[in-house]
Amino acid sequence: MFQRKRDTFFEYFVSVVDNIMHASKVFREELNNLEDAEKFAIQIKSIESRGDQYTHEIIKALNNTFITPLEREDILGLTIKLDDVLDLLEACAWSFDLFNVIEVDDFMKLFARNIEMCTQEIALAINCLVDKKLKEMPRHTHKINDLENVADDLLRDSLKTLFSSCTDPIEIIKRKEIYNMMEEVSDACEDVADILEGIIMRNS
């Protein structure tokens, strides 16, 4: 009976990270050929809605389960941080529609690729957790930290280029906001890595 309960949470986490990976892949692919910003945002919103459903199901299961495979706080914390990644990705997608930006620059494409790589590492780390291969998890959490540092560099480079090459103040405001929002998605991925590293410590 307890094994079934463990499988419930871990299967949910696998579904959640698969959904996040799907969102980041669609985000990156559609951004490379952005013709309709509203359609783009609606696509990401539909994936984010599925993520919300997973979040509700996990919290419901947590409330109805006496014995859990991890500390309850860890399950809740991980669930919330994973949900944050999708929420921020959706907000980022809507920003393109809000600011009417359909001309995507190279920095935006690099941010999108960085986000996708972060979510892939999250999925690998979660699968290690599910398979109880805790010793293999740090290679993925450390990679997420490295990718977040790359995103920090990207933000600095993108803003420096923007301020030196763009003279339209409205365009500067729009692109600066989008760059910042995209970097925040990578930050959220690092928050997931931090939660996972805490889980490693408490269960090793």
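Residues numbered from 1 in each chain as written. Predicted model: local features only at pLDDT ≥ 70, side-chain atom pairs only at ≥ 80, totals over all residues. Heavy atoms only, no water.

### As for the environment of Ala193
And then number 1: Residue placement: Ala193 occurs in helix 6 (residues 169-203).
And then number 2: Overall, the relative accessible area of 0% leaves Ala193 in the buried class.
And then number 3: As a C-alpha pair, Ala193 and His140 span 53 residues in sequence and 8.2 Å in three-dimensional space.
And then number 4: Ignoring any residue separated from it by four or fewer positions in sequence, one finds Ala193 in contact with Thr141, Ile144 and Asn145. (Helix = DSSP H or I, 4+ residues; strand = E, 2+ residues; numbered from the N terminus. Buried < 20%, exposed > 50% of the residue type's maximum accessible area, 1.4 Å probe, protein only. Contact = heavy atoms within 4.5 Å.)

### Notes on the packing of helix 4 (residues 106-130) against helix 6
And then number 1: Between helix 4 and helix 6, the least distance of the axes is 10 Å, while the angle of their chain directions is 15°. Regarding the angle of helix 4 to helix 6, the classification is roughly parallel. As for how helix 4 packs across helix 6, the hand of that crossing is left-handed. Residues Phe107, Met108, Phe111, Ala112, Asn114, Ile115, Cys118, Thr119, Ile122, Ala125, Ile126 and Leu129 of helix 4 form the contact with helix 6, whose own contacting residues are Arg175, Ile178, Tyr179, Met182, Glu183, Val185, Ser186, Cys189, Val192, Leu196 and Ile199.
And then number 2: Across the contact of helix 4 with helix 6, the residue classes break down as 18 nonpolar, three polar and two charged. (Axes fitted to C-alpha atoms, helices over the stretch in contact; angles between N-to-C directions. Parallel < 35°, antiparallel > 145°, perpendicular 65-115°, else oblique. Left-handed = near helix turned anticlockwise from the far one by under 90°. Nonpolar A, V, L, I, M, F, W, Y, C, P; charged D, E, K, R; others polar.)

### Describing helix 2 (residues 37-63)
And then number 1: For helix 2, with 27 residues, the first-to-last C-alpha span of 39 Å sits near the 39 Å given by 1.5 Å per residue.
And then number 2: Taken together, the buried positions of helix 2 are occupied by Ala37, Phe40, Ala41, Ile44, Ile47, Glu48, Gly51, Thr55, Ile58, Ala61 and Leu62.
And then number 3: Where helix 2 begins, one side-chain oxygen reaches toward the backbone nitrogen of Glu38, 3.2 Å away; that side chain belongs to Asp36. (Expected span 1.5 Å × (residues − 1). Polar contact = N/O pair within 3.5 Å; in protein donor to acceptor, adjacent residues only side chain to side chain.)

### Looking at the pattern of salt bridges
And then number 1: Across all of its chains, the model carries nine salt bridges by this definition.
And then number 2: The shortest N-O distance in the salt bridge between Glu116 and Arg113 comes to 2.9 Å. One end of the pair is Glu116 and the other is Arg113, both in helix 4 and three residues apart, which spans about a single turn.
And then number 3: Under the relative-accessibility criterion, Glu116 is labelled buried at 4%.
And then number 4: Judged by its relative accessible area of 36%, Arg113 is partly exposed.
And then number 5: In this structure, Glu171 engages Arg175 in a salt bridge whose closest nitrogen and oxygen atoms are separated by 2.7 Å. (Salt bridge = Lys/Arg side-chain N within 4 Å of Asp/Glu carboxyl O.)

### Comments concerning the environment of Ile178
And then number 1: Along the chain, Ile178 falls in helix 6.
And then number 2: For the pair Ile178 and Gly77, spaced 101 residues apart in the sequence, the C-alpha separation amounts to 27 Å.
And then number 3: When neighbours within four sequence positions are excluded, Ile178 is seen to be in contact with Cys92, Ser95, Phe96, Phe99, Val101 and Met108.

### Some words on the packing of aromatic side chains
And then number 1: Considering all chains together, one arrives at four aromatic pairs under this definition.
And then number 2: Taking the centre distance of 5.2 Å and the plane angle of 50° together, the rings of Phe27 and Phe40 count as tilted. With Phe27 in helix 1 (residues 2-31) and Phe40 in helix 2, the pair connects residues that are 13 residues apart, well separated along the chain. Each member of the pair, Phe27 as well as Phe40, carries the same accessibility label: buried.
And then number 3: Ring plane angle 85° and centroid distance 5.9 Å describe the contact between Phe40 and Phe96, whose orientation is recorded as edge-to-face. Pair noted here: Phe40 is in helix 2 and Phe96 is in helix 3 (residues 72-98), with a separation of 56 residues, a long-range link. Each member of the pair, Phe40 as well as Phe96, carries the same accessibility label: buried.
And then number 4: In this structure an aromatic cluster arises from ring pairing among Phe27, Phe40 and Phe96. (Phe/Tyr/Trp six-rings, centres within 6.5 Å; stacked < 30°, edge-to-face > 60°.)

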